[in-house]
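Working through the structure, step by step
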Amino acid sequence: MFNYNPLDCLPSSAELPDSDDTPVDNELQILIPNLLLAILASIWQNREDWFFGINMGIYYAPSKPAIVPDGFLSLGVERFVGENGRSSYVLWEEEGIPPILALEVVSPTYNGEYEQKKVDYAQLGILYYVIYAPTRLRRKRQRLEVYRLVEGKYVLQPGDKIWMPEIGLGIGREQGTYQRRIREWLFWYDENSNRYQTPEEVNAQQQQQLEQTQQQLQELLARLQQQGIDPNTL
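Now for a quick tour of the structure. Since we're looking at a predicted model, the values are computed, not measured.

Judged by pairing direction, the sheet is mixed, and its 6 strands sit side by side in the order β1-β3-β5-β6-β7-β8 without closing on themselves. Edge strands, defined here as strands with exactly one partner in the open sheet, are β1 (50–54) and β8 (153–156). Geometrically, the sheet is characterised by an average inter-axis angle of 20 degrees between neighbouring strands, direction not taken into account. Relative to β1, helix α1 (residues 28–43) is tilted by about 165 degrees, and along the sheet it contacts β1, β3 (71–75), β5 (101–105) and β6 (128–132).

Another aspect to go through is the side chain of E184. As for its position among the elements, E184 is in strand β11 (residues 181–189). A polar contact is formed between the side chain of E184 and the side chain of Y132, at a distance of 2.6 Å. Side-chain polar atoms of E184 contact the side chain of R173, separated by 2.7 Å.

Further remarks concern the nonpolar core. Ranked by internal contacts, the top residues of the largest apolar core, which has 54 residues, are L73, L101, I167 and W188. When residues in this core are grouped by element, the largest group, 7 residues, is from α1.

What sets the pattern is the α-helix's 3.6 residues per turn: residues three or four places apart point alike. Every buried residue of helix α2 (residues 116–124) is listed here: K117, K118, Y121, A122 and L124. Taken down its axis, α2 places every buried residue within 160 degrees of arc, on the same side. Once α2 finishes, G125 follows within two positions and takes phi at roughly 85 degrees, a positive value.

Its 16 residues place the ends of α1 22 Å apart at the C-alpha level, agreeing with the 22 Å of an ideal helix rising 1.5 Å per residue. Taken as a whole, α1 has its buried residues at L28, Q29, L31, I32, P33, L35, L36, I39 and L40.

Once that is clear, we can look at the pattern of salt bridges. Think of it this way: side chains of opposite charge can pair up when their charged atoms draw near. With the rule as written, the count across this model stands at 9 salt bridges. For R47, the salt bridge identified is with D49, shortest N-O distance 2.9 Å. You can call D49 partly exposed: its relative accessible area is 31%. As a salt-bridge pair, E184 and R173 come within 2.7 Å of each other at their nearest N and O atoms. With E184 in strand β11 and R173 in strand β10 (residues 169–178), the pair connects residues that are 11 residues apart, well separated along the chain. It is possible to trace a salt-bridge network through shared partners that takes in E174, R195 and E201.

Conventions used here
- Residues numbered from 1 in each chain as written.
- Predicted model: local features only at pLDDT ≥ 70, side-chain atom pairs only at ≥ 80, totals over all residues.
- Heavy atoms only, no water.
- Pairing = 2+ DSSP bridges.
- Helix = DSSP H or I, 4+ residues; strand = E, 2+ residues; numbered from the N terminus.
- Axes fitted to C-alpha atoms, helices over the stretch in contact; angles between N-to-C directions.
- Contact = heavy atoms within 4.5 Å.
- Polar contact = N/O pair within 3.5 Å; in protein donor to acceptor, adjacent residues only side chain to side chain.
- Core = buried A, V, L, I, M, F, W, Y, C linked by side-chain atoms within 4.5 Å.
- Buried < 20%, exposed > 50% of the residue type's maximum accessible area, 1.4 Å probe, protein only.
- Arc of directions from axis to C-beta.
- Expected span 1.5 Å × (residues − 1).
- Salt bridge = Lys/Arg side-chain N within 4 Å of Asp/Glu carboxyl O.

And the structure:
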């Protein structure tokens, strides 16, 4: 007897467009989500149950065009799919799991981040919607706004650093260094509001610790020589 599976009739990610061909307005729309991904790749390096997409289409219905956030995070999915990775995020290939967080970086030309995209992401069931304006502020808007989906509607969360228990991370804005640029960036935070470092900051800290260790070793050798002790005999 033939078992019909409706999923077999749906287009695969390989058959769907992997972009809406809309160019980003400035490089911060790429750099900001890239930094969030780089930090996740460090702090979650031993986890395989998450995926962070950047400027990637999310397909939620075969007859609908993709929604393309600047960045999004999904939990409970495979981190790596195939040798070449995902070309798009297709819900019917991800066991129906929508992203838990979507990020929009407000561009100079402004693309409905506060209106239509908020409606789209709510309908998709994305729990957290993050809007960040790195270069300018719209009237009566905060530079960083984090919304949580409550009974089908987004509710603005108070504070500068927002803890998201369902993710196990907080998100906020702060000065930092990324790709040798010192400016305000978005960062992940732990439950105590401690900021996770950028890869460059981690490397700089490790280099500083190595130099301190080497200096301490040199000072120890110098003291031994002054006391007439051969370090090789120790």
